[in-house]
Every structure is written in C-alpha cells, then in structure tokens.
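Here's the letter readout for the chains.
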Amino acid sequence: MKAKTLIELMTLSSNLYMLSKDEELMHKLKEMTEKGKDRINKAMSTPAVDEDGNEIEFLDRLVLKASQAKEELEAKIEEVVAQFYKKVNIAHMDEIKALNEKLSQSENTIALLEARLNRLEQKGE
C-alpha cells in the first residue's frame, strides 16, 4: 500500500473510533432509530387497501412506502438545489429559457425599429 492510502485508512479508523466513543452522538442515533422503528410499526400496523378493496400485503406496502419516500426525497432535493442555485447565483434552466425568450423578443423589437428607422431615412432623402 502507498503511504498516502495507509495514512487515509488510519485517519478514517481513528475518526470512526472517536465517533463510536461519542456518547451524545450514539444517544442521538439510538433515539433516531427508535423513532424510525415507531414510524415503521405505525405505518405497517394500519391496514392499507387497494382500489379493489383488497388488503395490500406487507411487501407491497413496503414498496409503496419506498416509492413515496423516493418522490418526497426527489422533491426535497429539487427544492434544496433550487435554493442553492439562488444562493450561489447560478442560473437555473427555467431562468435561462426565460432569458432566451426575452432576448429573442428584444431582437425582434430591434429589427422592427431598424426597419422603421430605414424607412424614415428613405423618406427624408
């Protein structure tokens, strides 16, 4: 192994050791785990039925919950990315499209104004 890799592994293992010894962190993780268990038990204890009135099996309910969680996560990620773009002042695709439309409208207006100006110049001669 290279020395750099060895140092990275040692650093990682020491960080993991320090995290495992942090009682406050471990307590928070335990609380989060218990809350997660309670939420899963609550969600799975209530019977769910499909559109035909048949009870949905546990695995199907789990898949349904996972797809709902995925949709919620994607929405949250989209929201966070939009906030980040706004904060960092990076243009979003919607903003770029709107600016391109304004640019084409401005170009059309400029072309019309140039045509009018040329017509007025020709009349003046």
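Definitions and limits used
Residues numbered from 1 in each chain as written. Predicted model: local features only at pLDDT ≥ 70, side-chain atom pairs only at ≥ 80, totals over all residues. Heavy atoms only, no water. Helix = DSSP H or I, 4+ residues; strand = E, 2+ residues; numbered from the N terminus. Areas by Shrake-Rupley, 256 points an atom, 1.4 Å probe, with all protein chains shown as cover. Salt bridge = Lys/Arg side-chain N within 4 Å of Asp/Glu carboxyl O. Buried < 20%, exposed > 50% of the residue type's maximum accessible area, 1.4 Å probe, protein only. pLDDT = per-residue confidence, 0-100. Patch = residues over 30% accessible without salt bridge, like charges linked within 9 Å, V, L, I, M, F, W, Y side chains within 5 Å. Lys, Arg positive; Asp, Glu negative; His and termini not counted. Charge placed at Lys NZ, Arg CZ, Asp CG, Glu CD.

1. A few points about the overall build of the protein
Item 1. In terms of regular secondary structure, the protein is built from four helices and zero strands.
Item 2. Its helices and strands in sequence order give the protein the pattern α-α-α-α, from N to C terminus.
Item 3. For the protein, the accessible area works out to roughly 12000 Å², and carbon and sulfur atoms hold 58% of it.

2. A closer look at the pattern of salt bridges
Item 1. Tallied over the full model, the rule gives one salt bridge.
Item 2. Between E79 and K76 there is a salt bridge whose closest N-O contact spans 3.8 Å. You can see E79 and its partner K76 sitting in helix α3 (residues 58–88), three residues apart, about one turn around the helix.
Item 3. With a relative accessible area of 47%, K76 lands in the partly exposed category.

3. Notes on the confidence of the model for the protein
Item 1. Looking at the protein, pLDDT values average 78 and 82% of them are 70 or higher.
Item 2. Mean pLDDT across the secondary structure elements of the protein bottoms out at helix α1 (residues 3–21), with 71, and peaks at helix α4 (residues 93–124), with 90.

4. As for a negative patch on the surface
Item 1. A grouping of E71, E72, E74, E78, D94 and E95 is seen on the molecular surface, where their side chains present a negatively charged patch.
Item 2. Those elements giving two or more residues to the negative patch turn out to be α3 and α4.
Item 3. As for its placement among the helices and strands, E78 is situated in helix α3.

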